[in-house]
Amino acid sequence: MKSLNRYTVAYVIGVLIPVSALIGIQLIHSWRAHTAARDARSSLSVVQGTLDAMAAVLMERGSMNAALIEGHPVSEPRQQELQLARKASESGIAELLELHRTRNCDGCRDAQASIQHIARALAQHRATADRLIARRRAQISAQELNDVVVIMAGIIPALEETALDNSAVVIRHEVESPGLMTIAMLAAGLREQAGLLGSAFMPAQVQRRPLSEVETQRIEQQLGRVTQLRALLEVQLSTHAELETRAYPRVQYEYFGAGLEYIEELRHAASSGLHSMTPTAGLQERYVPLMQSIVDFRDEVLSVLEKLLERQRINALTELITTTSVAIVLLLAATWGFTKFRWRLIRPFVVATEIVNSINDDAPTPISGTGYRKEVRGLFDAIQKLKDNAIAKSRTEHERERLIADLAALAETDFLTGLLNRRAFHARAAALCASLDEPGQMLTLIVFDIDHFKRINDSYGHAGGDNVLVAVAQACHQTWRRSDIVARIGGEEFAVLCTVRSLTQASAMAQSMRRRIERLVVPADGRTIESITSSFGVVCAHADEIDNVDALLKQADELLYRAKASGRNCVVTQPDNA
């Protein structure tokens, strides 16, 4: 009987250990799900605060542009409007800074330092803007106006950078409706690009002159970015029908409709010689209010996402409490069942043995079967159920990781050509510069675009233009090395960053790409597009001489413009002594 008792104890222990392990795994998973949902809610609040601060700075930029366009002296209502916009920016940045102070995270201190630096840069920029506003407009140069636009535009990406880590946390934990964070960030980017599109007209409006060629190209680039963001938004919205019917139609009607129509009016006015505009017909009064639909759409997406994350947190907490309760109940039931098993199965054998021994001793003991029942509870059904839950949750986790990877690839890839987009290009370029460990290594940045691309679109339609872009992308794959960073950074503009031995090699690589494009024959609706030409700007620098990729990109753009001015279909490199 001792061996039977030991076997029973070993059997019960063998059952309790896997059950307890599965319960423990389930408890850990439930706790992690609850923690992840809580962290996602906290990160969403930071992203929302950052986007609100960005929107406030964008409104300040619009008020500053309106004050410059109005002329000297600036009216009292316009000055009050600018001061209110600045107070809103300061309040938004202060709230964002306080939000980071109250959170306990590894990157919060770095984020605080970045936000404080942004606040100081904004204060310095305001002083510069105030000096320009106080001067007569005829005394302000175009370069000064361009500089004030560029500096103000640089504050928005700096703010957006502080929200990237938190937005990644939210994206990783969007289980019920993935993609909402991506839609919100795309909407924020659309608002920024729409603001930059309006700001591109400011220097010409201030000086009451026609648009320059550079300004015209900049406006075309901004329109291309707005179109690209619209396409990306609509791709994402295709899986969120409720947003397409609720908030997005207003964006289509107000901004993509009336807003872009107003931009076309400005461009027509510039081309017709009507360069002066009264303040009542300016950007601030007609264009800026139409961009509010984008902000409202972004806020509605964030509101939906916040409700989903809160529901996800509550569900995870409910699951945690339920799992804990079930674990306690199961352990109590197992303990009770083990006790009953010993008393109702093992003890009868012991009593029977005593009876047999008493019979052998001729001292019979009364036999009583009261309380003994032959019942065994199905504990293994509960074990199987827990195992099935663990498998189902593992599959869900795998599907979520696959979806995150797809979203990450979508965020980095140009949807038409399959090349890297501008943001991914900057990230890869920064990583390449940081990875170069030999000071003498040389990098080349080659920027090129397709000549007369608008003429191709006009002659063969936008489908033909898209075919040309795809063909150029395929030519890029055939020309450049796998280690080279190739991206589509604008409508028909491409950029390549790679290591070379000399400026001569870089120029030869660009010439090879130019000739390959020149030989392209692209089908377009039963016709063929031939004699496609392109212009190149090539700049080289040693790895230890590069402060940032933007400066290198600016130099390459200038060389590209020189190539355009030189008749196109050519490669312009930097001078040897540059």
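### Description of the packing of helix 15 (residues 453-479) against helix 16 (residues 503-518)
Next, step 1: Two numbers describe how helix 15 lies on helix 16: the axes approach to 10 Å, and their chain directions differ by 140°. When the interaxial angle is binned, helix 15 and helix 16 end up oblique. Here helix 15 runs over helix 16; the crossing is right-handed. Across the interface between the two elements, Val472, Ala475, Cys476, Gln478 and Thr479 from helix 15 touch Ser512, Met513, Arg516 and Ile517 from helix 16.
Next, step 2: Across the contact of helix 15 with helix 16, the residue classes break down as five nonpolar, three polar and one charged.

### Some words on the pattern of salt bridges
Any two side chains of opposite charge can pair, so long as their charged atoms come close to each other.
Next, step 1: Taken as a whole, this structure holds 26 salt bridges when the rule is applied.
Next, step 2: Across the salt bridge formed by Arg135 and Glu144, the nearest N and O atoms sit 3.2 Å from each other.
Next, step 3: Among the residues examined, Arg135 registers a relative accessible area of 27% and is labelled partly exposed.
Next, step 4: Using a relative accessible area of 28% as the deciding quantity, one classes Glu144 as partly exposed.
Next, step 5: Here Lys564 and Asp451 are joined by a salt bridge, their closest N and O atoms 2.7 Å apart. Placement of the pair is Lys564 in helix 17 (residues 549-565) and Asp451 in the loop between strand 1 (442-450) and helix 15, with a sequence separation of 113 residues.

### Some remarks on the nonpolar core
Next, step 1: Judged by nonpolar contacts, the single largest core of 80 residues is most densely connected at Leu68, Met181, Tyr255, Tyr287 and Phe297.
Next, step 2: Per-element accounting of this core gives the leading share, 12 residues, to helix 1 (residues 2-70).
Next, step 3: The next biggest cluster of nonpolar side chains, apart from the first, holds 35 residues, and it includes Ile456, Val500, Ile517 and Val538.

### Things to note about the environment of Leu223
Next, step 1: Mapped onto the fold, Leu223 is located in helix 8 (residues 213-237).
Next, step 2: A residue is classified by how much of its surface remains accessible, and Leu223, at 15% relative accessible area, is buried.
Next, step 3: Taking C-alpha positions, Leu223 is 8.3 Å from Ala194, a pair spaced 29 residues apart along the chain.

### Examining the packing of helix 2 (residues 76-102) against helix 3 (residues 108-134)
Next, step 1: Direction vectors running N to C along helix 2 and helix 3 enclose 170°, while the axes themselves pass 9 Å from each other. Between helix 2 and helix 3, the interaxial angle falls into the category roughly antiparallel. Contact with helix 2, carried on its side by Leu82, Arg86, Ser89, Glu90, Ile93, Leu96, Leu97, His100 and Arg101, involves Cys108, Ala111, Gln112, Ile115, Gln116, Ala119, Leu122, Arg126, Ala129, Asp130 and Ile133 of helix 3 and no other residues of that element.
Next, step 2: Residue composition of the contact of helix 2 with helix 3, grouped by class: 11 nonpolar, four polar and five charged.

### Examining helix 5 (residues 164-172)
Next, step 1: Within the sequence span of helix 5, burial applies to Asn166, Ser167, Val169 and Val170. Burial along helix 5 is one-sided: seen end-on, the buried residues are contained in an arc of 155°.

### Quick notes on the layout of surface pockets
Next, step 1: Here the second largest pocket is characterised by a volume of approximately 1,300 Å³.
Next, step 2: Lining the second largest pocket are 39 residues, and of these Glu220, Phe453, Asn457, Gly491 and Glu492 sit closest to its centre.
Next, step 3: Looking at the lining of the second largest pocket, the elements with two or more residues in it are helix 8, helix 10 (248-272), strand 1, helix 15 and helix 17.
Next, step 4: The element contributing the most residues to the lining of the second largest pocket is helix 8, with 13 residues.
Next, step 5: Considered class by class, the residues forming the lining of the second largest pocket number 12 nonpolar, 11 polar and 16 charged.

Parameters at a glance
Counting from 1, residues in each chain are numbered in the order their sequence is written. For this predicted model, a pLDDT threshold of at least 70 governs which residues receive local features, and a threshold of 80 or more governs which side-chain atom pairs are given and counted, while totals over whole chains, interfaces and linings are taken from all residues. Working from all heavy atoms in the structure, the side-chain values ignore hydrogens and water. Inter-axis angles, ranging from 0 to 180 degrees, are taken between N-to-C directions of lines fitted to C-alpha atoms, where helices are fitted over the stretch in contact. Strands are runs of DSSP state E lasting at least two residues, helices are runs of H or I lasting at least four, and both sets are numbered from the N terminus onward. Under this scheme an angle from 65 to 115 degrees is roughly perpendicular, one under 35 degrees roughly parallel, and one over 145 degrees roughly antiparallel; angles in between are oblique. Two helices crossing with the near one rotated counterclockwise from the far one by less than a right angle form a left-handed crossing, whereas a clockwise rotation gives a right-handed crossing. Contacts are residue-level and defined by heavy atoms, with any inter-residue pair within 4.5 Å sufficient. Ten residue types, Ala, Val, Leu, Ile, Met, Phe, Trp, Tyr, Cys and Pro, are classed as nonpolar, four, Asp, Glu, Lys and Arg, as charged, and the remainder, Gly among them, as polar. Definition used for salt bridges: Asp or Glu carboxyl oxygen within 4 Å of a side-chain nitrogen of Lys or Arg. Remark: exposure states derive from per-residue accessible area (1.4 Å probe, protein chains only) relative to the maximum for the residue type, with buried under 20%, exposed over 50%, and partly exposed in between. Put simply, buried Ala, Val, Leu, Ile, Met, Phe, Trp, Tyr and Cys residues joined by side-chain atoms within 4.5 Å make one nonpolar core. Arc definition: it is the arc formed by the directions from the helix axis to the C-beta atoms. Buried and open spaces are told apart on a 1 Å grid over the protein atoms alone, a cavity being a set of points where a 1.4 Å probe fits but cannot get out and a pocket being an open set with protein on both sides within 12 Å along at least five of seven lines. Residues with an atom within 4 Å of a point are the lining residues. Grid points are joined across faces, edges and corners, and a volume is the space filled by probe spheres set on the points.

Function cannot be read off these values alone, since they describe shape.
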